[in-house]
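Survey of secondary and tertiary structure
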Amino acid sequence: MSSDIYDDEKDVLLDHEYDGIRELGNPMPRWWVLGFWFTIVFGLAYLAHYHVLGTGPSDVEEYLAEMDAARAPTGGPEQPGTTEPAAPVQLVFLTDQASLDKGKTLYGGICFACHGANGEGLVGPNLTDAFAVAGCDIESMVTSIRKGFPEKGMPAFGGGGPMNDQQLVELASYLHSLQGSNPANAKPIDPARELPCP
Amino acid sequence: MPIETFHYDNRIVRQFAVATVVWGIIGFLVGLIVALKLLYPEFLGGIAELSYGRMRPLHTNAVIFAFAGNAIFLGIYYSLPRLLKAPMWSKKLSAFNFWGWQAIIVGAVVTLPLGITTSKEYAELEWFMDIAIAVVWVAFGWNMLATIFKRREEHLYVAIWFYIATFVTVAVLHIVNSLAIPATFTTSYPIFAGVQDALVQWWYGHNAVAFFLTTPFLGIMYYFIPKAANRPVYSYKLSIIHFWSLIFIYIWAGPHHLLYTSLPYWAQSLGTVFSVMLIAPSWGGMINGLLTLRGAWDRVRESPVLKFMVVGVTAYGMSTFEGPVLSLKTVNAIAHYTDYIIAHVHLGALAWNGGLTFALLYYIIPRLYNVPLYSKKLANYHFWFATLGILFYVVPMYIGGIMQSLMWKEFTPEGVLRYPNFLQTVTQIVPMYALRAVGGSLYIIGALFAVVNLWKTAKSGTFQAEDADSAPARVVHTTEDTTQPFHRRLEGKPALFTVLTVFAILVGGIVEFIPTAMVDSNVPRIASVKPYTPLELAGRDIYISEGCNNCHSQMIRPFRSETERYGDYSKAGEFVYDRPHLWGSKRTGPDLHRTGGKYPDSWHYLHMRDPNSTSPGSVMPSYPWMYTRDTDFASLPAKLDALRYLGTPYDEFATGDEAIAHAKAQAAGIADALKAQGFADADPDRQIIAMIAYLQRLGADIRRASQVPAK
């Protein structure tokens, strides 16, 4: 075994030997020892901050603060995201491209799961044909989406649910624009329940 | 003093070497299959035994317990006798250890695809397998300790400290985490429920990483680096301090897997701070390994063994820094449930455990056959394939994980989720899954080079069944040499050493567990939370069998982005009847804790048969067999009995027949309603009906509650 590196003053070779393995008596690196102490102090400070002094928020307090912050800009009473617009929403089918695109995005995020990617119908009815269970005019459609059909499996999306009235109108308008689009795999009409739209 | 001559058994070493290589390749290949399934959900689809939820645990178990496990035995059976100057105490026990362990692995290869699983990560094997593991593990430890007691070397070298810690801690972890009441041959229910079960599970899960994938490999490092480099260990003092601090602190860190869950907040904080305190003890190992190579770097360039060691030890340092950072709650809020964590574990697994294992093989095999390695060049190719493979694996997964998290949390200026359809967040990262599969393939190709190289090496030499060595017998001192420092004396007292180790590793677990289990305020009860009905229970057991928890969490964290997407955050009291807990650790699919009532039964009926029909582009596997296989009604009475024994109030059902009748009636109700909606083939006896019953129950209890106490 070469001795070149061990004659450095720090590198004292100990008299330990195991299957030819020797050990040096080097001290622990200083930065390592200091780092260790630092993490211990950090740990104690962390516990003190959150659990002894009570200066740090709990997970639930953090959550409530996050929700407040999200609500603050609109000042609305409801969950964030469902704040109703200040002025009452006009119940008319919108035809501008921006609103239809918004409706389409909302549809693609949630409604597709039950009504199919193109409104062709799945566990929910086909929304592109000229037949409906609950009416084809804007009021009926907005009501359908707002209240849902819980007993049939469609949850309520408005009235404190995830969507505000403006969004309901955008959705209804988008669906209206799909009328007569004849998507593939369209679900057949249920003549017993669905009535033709006027 | 008379010099004694004795022989080390190389046969057992060779056996473990072969097993390491064979199971390693199998484990990697199963990993590749699982990776491909996220790219092509149809790949090997339609075969229940090979579906994603069943194969993923097979992959993790194979690489941890079969590949790394055999490598641990390989390293210990080679180094321990040489360090002690004593052959293994009993060849019979060695053989029992070897064959017992292989039999358990074969058992896992059979039972996991059959869906016989507890669902607890890295502890999926069912109760009868758990008993076998405990027996074989104790046989191993017994053999090791007995060898230590009849050693010729006075003191125990640091590698052996780590081996002892490995043995005792894994025994404790495995036994406690496996405590369960068997209901049938293939099902058992853990004695802890909900929050407590989760705490015990991650105390185990985290320390499986610590005491199965870290401490034995540190021991291996401490033997093979100085041997291969022919250099003394850098600092004996550092060895002592980092050993004791590592084993003491590690045990506390489990709750960092449960940040922002329903685990009591104080326990989460303990997980965080002890994880941060782990940086230095972990780095102590890295420093001691790398600084041992001071002045030997020319040799590192030459030697494949040292190259793999250096990459392994460096990756160990990186992972053990990354881990504590991930334990900070702000970072954890981003990374948890994402593929970032998958990258994190693979850095450790592929580079640290894989690197050390291949170093071990390249060191030992030529010595067993008394020839030089067949081809250094091929080993170098292996090294570069492995390194590239690791990069191609972890970098895309890091990026994918962060992308996932950002998409989950993004709100539009109007204040709604940008990606309300979870699937949109999945399809965006599929390209990353493709790169990951490339990385994995490179790693496997490299490993195949190793197989060829080791095989050719063996062919070119002759096997040395035994190595002879000689040493004087150990003098047993009657009086203590008090001039020696305390720790030096302790190294000569294996019994005391073992006892102190047990003490060090017990403290953390006890302090965290006892209050969580005993103090009621840690798990506030919720009156509306009721036990599952017999049919829902049957459905839950199917969920467990199919391993749905490998893609779905059932734990909504208190973040706006989660409560908007999934509903109110999960409360501790909701899980009191959950045996086992099914919180999950990765969201390849959306959280399901409040999925009940979100869709009509008919939706699930379509979705489970073919997820693409309701969710075009879904990576969720289809489950056609649930529509042909029958629900196991007959075992319900036994299951209810087991749960009743554990304290679940099932008083409603006086007899087993009543429970079955109740289940059948509930199933008939669901099937009839489906039939009325045009699903003519809906059959109350089929598994899908029980599955739907369970899914519709999820989160339903709390909706019934008029008032929910805050956590």
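Residues numbered from 1 in each chain as written. Chains lettered and ligands numbered in written order. Predicted model: local features only at pLDDT ≥ 70, side-chain atom pairs only at ≥ 80, totals over all residues. Heavy atoms only, no water.

What to know about the pattern of salt bridges
Side chains bearing opposite charge may pair, as long as their charged atoms lie close to each other. Spelled out, the test is: For salt bridges, the criterion is a side-chain nitrogen of Lys or Arg within 4 Å of an Asp or Glu carboxyl oxygen. Under the scheme used here, helices are H or I runs from DSSP no shorter than 4 residues and strands are E runs no shorter than 2 residues, and both carry numbers assigned from the N terminus. Using a 1.4 Å probe on the protein chains alone, a residue whose accessible area is under 20% of its type maximum counts as buried, one over 50% counts as exposed, and one in between counts as partly exposed.
Inspection of every chain in the model, using the stated rule, returns 26 salt bridges over all chains. Among the salt bridges present, the one from Glu-4 of chain B reaches Arg-152 of chain B, with a minimum N-O distance of 2.5 Å. Of the two residues, Glu-4 of chain B sits in strand β1 (residues 3-9) while Arg-152 of chain B sits in the loop between α4 (127-149) and α5 (158-177), which places them 148 residues apart along the sequence. We note a salt bridge from Arg-488 of chain B to Glu-491 of chain B, for which the minimum N-O separation is 2.7 Å. Summarising the burial analysis for this pair, Arg-488 of chain B and Glu-491 of chain B share the class buried. Through salt bridges with shared partners, a single network forms among Asp-19 of chain A together with Lys-85, Lys-227 and Asp-469 of chain B.

Some thoughts on the domain arrangement of chain B
All names here are of chain B. The criterion, for reference: Segmentation of the chain into domains, including their bounds, is taken from an automatic or database domain assignment. When checking whether two residues touch, look at their non-hydrogen atoms; a contact exists if any pair is within 4.5 Å. What counts as buried area is the accessible surface, traced by a 1.4 Å probe, that two parts surrender upon association, with contributions from both included.
The assigned domain composition of chain B is domain 1 (7-370 + 378-469 + 488-512) and domain 2 (534-707). Just the C-alpha atoms count here: the centres of domain 1 and domain 2 sit 33 Å apart. Listed per partner, the contact involves 61 residues of domain 1 and 56 residues of domain 2. Regarding the contact of domain 1 and domain 2, the summed buried area is about 4800 Å², with carbon and sulfur atoms giving 61% of it. Ranking the residues of domain 1 by area buried against domain 2 places Tyr-189, Tyr-337 and Phe-422 at the top, with a combined share of 17%. Seen at the junction of domain 1 and domain 2, the total is two salt bridges. The salt bridge partner of Arg-54 is Glu-546, with a shortest N-O separation of 2.9 Å. For the side of domain 1 that touches domain 2, the elements supplying multiple residues, two or more each, are α2 (52-84), β2 (180-182), β3 (188-190), α6 (194-211), α13 (329-335), α15 (376-409) and α16 (422-427).

Points about helix α14 (residues 340-369) of chain B
Residue and element names in this part refer to chain B. How we decide: Expected span of a helix, by definition, is 1.5 Å for each gap between consecutive residues, and there is one gap fewer than residues. A residue's bend is given by the angle between axes fitted to the 7 residues ending at it and the 7 residues starting at it.
Helix length check: α14 (30 residues) gives 42 Å between terminal C-alpha atoms against 44 Å at 1.5 Å per residue, within 8%. Of all the bends in α14, the largest measures some 30° and sits at Gly-354. In terms of burial, α14 is largely enclosed, as 26 of its 30 residues are buried. Asn-370 sits one or two residues past α14 and shows a positive phi near 55°.

Details of the domain arrangement of chain A
How big an interface is tends to be expressed through the accessible area that disappears when the partners come together. Per the domain assignment, the segments making up chain A are domain 1 (7-72) and domain 2 (97-196). In this structure, domain 1 of chain A and domain 2 of chain A have C-alpha centres spaced 56 Å apart.

Here's the deal with the environment of Val-451 of chain B
Residue and element names in this part refer to chain B. Along the chain, the position of Val-451 falls in helix α17 (residues 430-460). By relative accessible area, Val-451 is classed as partly exposed at 30%. Sequence separation between Val-451 and Val-18 is 433 residues, and the spatial gap between their C-alpha atoms is 9.7 Å. Aside from chain neighbours lying at most four places away, what touches Val-451 is Val-21 and Ile-25.

Notes on a nonpolar patch on the surface
Residues and elements named next belong to chain B. The condition is simple: Candidate patch residues must exceed 30% relative accessible area and have no salt bridge, after which like charges are joined if within 9 Å and Val, Leu, Ile, Met, Phe, Trp or Tyr side chains if within 5 Å. Each accessible area is a Shrake-Rupley estimate made with a 1.4 Å probe; only the visible protein chains count as cover when residues are assessed.
On the surface, Leu-388, Leu-391, Phe-392, Val-395, Ile-399, Leu-435 and Val-438 cluster together into a nonpolar patch covering about 550 Å² of accessible area. Put simply, the parts of the chain that give the nonpolar patch at least two residues each are α15 and α17. At five residues, α15 tops the list of elements feeding residues into the nonpolar patch. When you line up the elements, Leu-388 lands in helix α15. When its relative accessible area of 43% is taken as the criterion, Leu-388 is described as partly exposed.

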